[in-house]
Amino acid sequence: MCGIVGYIGERQAQPILLNCLSHLEYRGYDSCGIAVSDGAVKVYKDAVRVAELKKTMPDFDGSLGIGHTRWATHGEPSRVNAHPHGDCQNEVSVVHNGIINNFLKLKQQLTSEGHTFVSETDSEVIPHLIEKYYAGDLEKAVERALADIEGSYAIIVMGYGENTLIAARKDSPLVIALGDRENYIASDVPAVLDYTSRVIYLEDGDIATVTAGGVSFRNGGKTAKRSEHKVDWSVEEARKGGYEHYMLKEIHEQPRVIRDTLGDWLPNGEPFEDLKKMSEDGTRTLLMLGCGTSYHAALVGKYIAQEMLGLPVRAELASEFNYHGRALPETLAVTLTQSGETADVLMAIKRLKDVGCRVMAITNVNGSSVSRLADHTIITRAGPEISVAATKSFLAQLMVLYWLMMSCARVEPKRQAEMVLQLRHMASRVTQVLDSEAEIAERAGYLAKYNDVFFIGRGINYPVALEGALKLKEISYVHAEGFAAGELKHGPFALLGREKPVIAVLTQDATHQTMLTSIREVKARGSPLMVLASEGDDSADSLADFTITVPRVDPLFSPVVNTVTLQLLAYHIARKRGCPVDFPKNLAKSVTVE
Ligand code: M6R
């Protein structure tokens, strides 16, 4: 997803902007560029990585500037489509993240008024609108231009020799970071952590005027006040810390994440009361929502809630819910999102609130759009997740879900005590999985030559099969699919054979016997077979080509150890295939468009 940055202060803007952009690379991009002003605007951009841009660009003098990493939506990745974009006279320069729905109409109108466009992007209408409305005051021109725009945006504008940056947002994240006689603007906090940890999150509809000495806000034509937050992520937390890839570092951070998330979070407050009430009188419904990996956490949450609360629970994809989903006002919705900026999730929350539902958010980013929209927010303690592939944020989401449901559980005290004990030991169980990385990497070597891999699981490990497949496909470009094992015979059997390995997640719960049946069926159809089995379970040894042993835990908690195993498997397959693990093609970390 596009990333934007801005700097205004007393230092040279160019190196600061390039550094900030390099910390936004994790969002995914295909081209980049910066503009610097010393009264006149100078722009340099190309369809290259930030490091390449840095090598080739000339030195621009100036202490204010803007920068952009582009994730193509309108027009191919190319120099001309890269941001910043300008007006006809090159007096104003704009970087944009988001999508302008009515850009074609605006472009036609502006063209008929004499404006010349050079790119295929929707974003280019913004500088032309500003040019059209500029009458000596950049902020006013931006405000007027934005009134014409339908869609989503986070923008930074500079130009006309004014010593200010104008930033604005609607449905796309933007943060202002405060320094000493200098200020920064960025799509995301990791971009600016080298310089400051004091941030202000823009609200939807905000227009901020940023100078070296201060920031002022307007919203809906009126002055607005925004509060400052302190970011508690260290620079080190946001960097690779000696690992070859962020993904591997983040996988290895999971024992710490589990401890922090459980230790930090104590159940109290109204939403827990809501859940408690639900489990007591059963009159409300629980709806879990998310996208991608967060949706898989929602699915695991459904199984946890059903077992612990004894209630029927729905888990839905936010993107589907937004068009076809129905919820009654008495529904309690639990929305999961690592970034807190996923457009589909934001839309779903708005839709739920419109019908009067209470919404709880579980997110990793304090101050994110979702956290500000939900009735109640629980912050996971995963720390910054840079790799596009979600790993530690998923585990942190699961920890919150376990705790949340346990705090309201309708189970015997003995069972409750057992579950608390399981959770207490979860970090060391994950460490055990990490200790077996070499063995998992060896298995990955065997699987790396295949172009199609299937994952099967049942019950609470069905979402784990989906997550294993998602992880593998997104970082290794291997076609991977997850199935509920019982569904194989309803179609996927047709695909099995020597070239189609199957990874089966076997758990010692009520599904164990039927999983063994599925494993036999797979074997009979000639697919290479890898089984994840609990310590001491040798029931599939004679059938599997390989077994990976995972620590024995209560089956309810088995998604934790199984998922970490599959994360490592996917990582090592992608590495062996020479894929750019952290920044897979066509993907973005934070999906802020619908
Ligand atoms: O920030 P979110 O959790 O809302 O993001 C949702 C998905 O875009 C995300 O989980 C995506 O599927 C990951 N790349 C998976 O690894």
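Residues numbered from 1 in each chain as written. Predicted model: local features only at pLDDT ≥ 70, side-chain atom pairs only at ≥ 80, totals over all residues. Heavy atoms only, no water.

Asks: I would appreciate a short explanation of the nonpolar core in the present structure.
Replies: When a protein is soluble and globular, its nonpolar side chains tend to lie buried together. Counting 82 residues, the largest nonpolar core has Leu286, Met288, Tyr402, Met405 and Leu569 as the members making the most contacts within it. Two domains share this core, each providing at least three of its residues, namely domain 2 (238-424) and domain 3 (434-580). Not counting the four nearest positions on each side in its chain, methionine 288 is found in contact with Ala298, Gly301, Lys302, Val313, Arg314, Ala315, Glu316, Val334, Leu336, Leu401 and Met405. Tyr26, Tyr44, Phe60 and Trp233 belong to the second-largest nonpolar core, a separate cluster that totals 35 residues. (Core = buried A, V, L, I, M, F, W, Y, C linked by side-chain atoms within 4.5 Å. Buried < 20%, exposed > 50% of the residue type's maximum accessible area, 1.4 Å probe, protein only. Domains from an automatic or database assignment. Contact = heavy atoms within 4.5 Å.)

Asks: Before we go on, may I ask you to explain the sheet that holds strand β13 (residues 215-219) in this structure?
Replies: Hydrogen bonding along the main chain pairs the strands of a sheet, whether they run parallel or antiparallel. With antiparallel pairing, 7 strands are arranged side by side in an open sheet as β5-β6-β7-β8-β12-β13-β14. Of all the strands in the sheet, just β5 (85-86) and β14 (222-224) have a single pairing partner and so form its edges. Sheet topology places strand β12 (residues 206-210) next to β13; 5 bridges connect them, and they run antiparallel. Bridging across to β13, alanine 208 finds its partner in phenylalanine 217. Against the sheet, helix α4 (residues 125-133) makes contact with β5, β6 (92-100) and β7 (151-159), and its axis sits at roughly 125° relative to β6, the strand it touches most. (Pairing = 2+ DSSP bridges. Helix = DSSP H or I, 4+ residues; strand = E, 2+ residues; numbered from the N terminus. Axes fitted to C-alpha atoms, helices over the stretch in contact; angles between N-to-C directions.)

Asks: Please clarify how the pairing of strand β9 (residues 175-178) should be interpreted in this entry.
Replies: Along a regular strand, successive side chains alternate from one face of the sheet to the other. Residues Val175 and Ala177 of β9 are buried on one face, and the alternating residues Ile176 and Leu178, pointing to the opposite face, are buried as well. Here β9 pairs with strand β10 (residues 183-186) via 4 bridges, running antiparallel. By the bridge assignment, alanine 177 is partnered in β10 with tyrosine 184. Remark: 4 residues form the turn of the hairpin made by β9 and β10, two consecutive strands paired antiparallel; arginine 181 in that turn has positive phi of roughly 55°. One ladder, built from 3 bridges, connects β9 with strand β11 (residues 198-201); its direction is antiparallel. When the sheet's bridge partners are listed, valine 175 is paired in β11 with tyrosine 201.

Asks: What is the right way to read the domain arrangement of the chain from this model?
Replies: For the chain, the domain assignment lists domain 1 (2-231), domain 2 (238-424) and domain 3 (434-580). Each of domain 1 and domain 2 has a C-alpha centre, and the two are 33 Å apart. Of the roughly 1000 Å² buried between domain 1 and domain 2, counting both surfaces, carbon and sulfur atoms make up 50%. Looking only at domain 1, the three residues that lose the most surface to domain 2 are Tyr26, Pro173 and Tyr201, adding up to 43% of its buried area. Across the domain 1-domain 2 interface, the total number found is 2 salt bridges. Notably, a salt bridge pairs aspartate 171 with lysine 350, separated by 3.1 Å at the nearest N-O pair. Taken together, domain 1 and domain 2 are joined by 4 residue pairs in polar contact (both at pLDDT 80 or more). Taken together, the residues of the side of domain 1 that touches domain 2 sort by class into 6 nonpolar, 1 polar and 5 charged. (Buried area = accessible area lost by both parts, 1.4 Å probe. Salt bridge = Lys/Arg side-chain N within 4 Å of Asp/Glu carboxyl O. Polar contact = N/O pair within 3.5 Å; in protein donor to acceptor, adjacent residues only side chain to side chain. Nonpolar A, V, L, I, M, F, W, Y, C, P; charged D, E, K, R; others polar.)

Asks: Quick question: what am I supposed to make of the sheet that holds strand β3 (residues 41-46) here?
Replies: Taken in spatial order, the 8 strands of this open sheet run β3-β2-β4-β1-β10-β9-β11-β15, and their pairing is antiparallel. In this open sheet, the two strands that pair with only one neighbour each are β3 and β15 (229-230). One ladder, built from 4 bridges, connects strand β1 (residues 3-8) with β10; its direction is antiparallel. Bridge pairing links isoleucine 8 to asparagine 183 in β10.

Asks: I would appreciate a short explanation of the site of the ligand in the present structure.
Replies: As a matter of local geometry, the ligand sits amid 15 residues, with Ser294, Thr337, Ser339, Thr342 and Glu474 nearest to it. One of the side-chain nitrogen or oxygen atoms of serine 294 is found 2.6 Å away from an oxygen atom of the ligand. Contacts to the ligand include lysine 471, whose side-chain N or O atom sits 2.8 Å from an oxygen atom. In isolation the ligand exposes 410 Å². Once the protein is present, 90% of that is buried. Mapped by element, the contributors of at least two residues to the shell around the ligand are α9 (292-309) and α16 (462-476). Partitioned by chemical class, the residues of the shell around the ligand number 6 nonpolar, 7 polar and 2 charged. Taken domain by domain, the makeup of the shell around the ligand includes at least three residues from each of domain 2 (238-424) and domain 3 (434-580). (Near = heavy atom within 4 Å. Areas by Shrake-Rupley, 256 points an atom, 1.4 Å probe, with all protein chains shown as cover.)

Asks: Honestly, the packing of aromatic side chains in this entry has me stumped. Any pointers?
Replies: For any pair of aromatic rings, geometry is given as the distance between the ring centres together with the angle between the planes. Applying the stated criterion across every chain, the model contains 7 aromatic pairs. Look at phenylalanine 454 and phenylalanine 483: their rings are 5.6 Å apart centre to centre, the planes differ by 65°, and that puts the pair in the edge-to-face class. With a gap of 29 residues between them, phenylalanine 454 in strand β21 (residues 452-457) and phenylalanine 483 in strand β22 (residues 479-484) connect regions that are remote in the sequence. Phenylalanine 454 sits in the buried class, given a relative accessible area of 2%. Given the relative accessible area of 12%, phenylalanine 483 is considered buried. Connected via pairs of aromatic rings, a cluster forms that spans Tyr7, Tyr184 and Tyr195. (Phe/Tyr/Trp six-rings, centres within 6.5 Å; stacked < 30°, edge-to-face > 60°.)

Asks: In this structure, what is going on with the packing of helix α13 (residues 392-407) against helix α14 (residues 413-435)? I would like to understand it.
Replies: Geometrically, a packed helix pair is captured by the angle between its two axes and the distance between the axes. In the contact formed by α13 and α14, the axes pass within 11 Å of each other and the chain directions differ by 165°. By the criterion of interaxial angle, the relationship of α13 to α14 is roughly antiparallel. Judged by the sense of rotation from one axis to the other, the crossing of α13 with α14 is left-handed. When α13 is examined against α14, the residues Leu395, Met399, Tyr402, Trp403 and Met406 are found in contact with a partner set consisting of Gln416, Met419, Val420, Leu423, Met426 and Val430. Split into classes, the residues belonging to the contact of α13 with α14 amount to 10 nonpolar, 1 polar and no charged. (Parallel < 35°, antiparallel > 145°, perpendicular 65-115°, else oblique. Left-handed = near helix turned anticlockwise from the far one by under 90°.)

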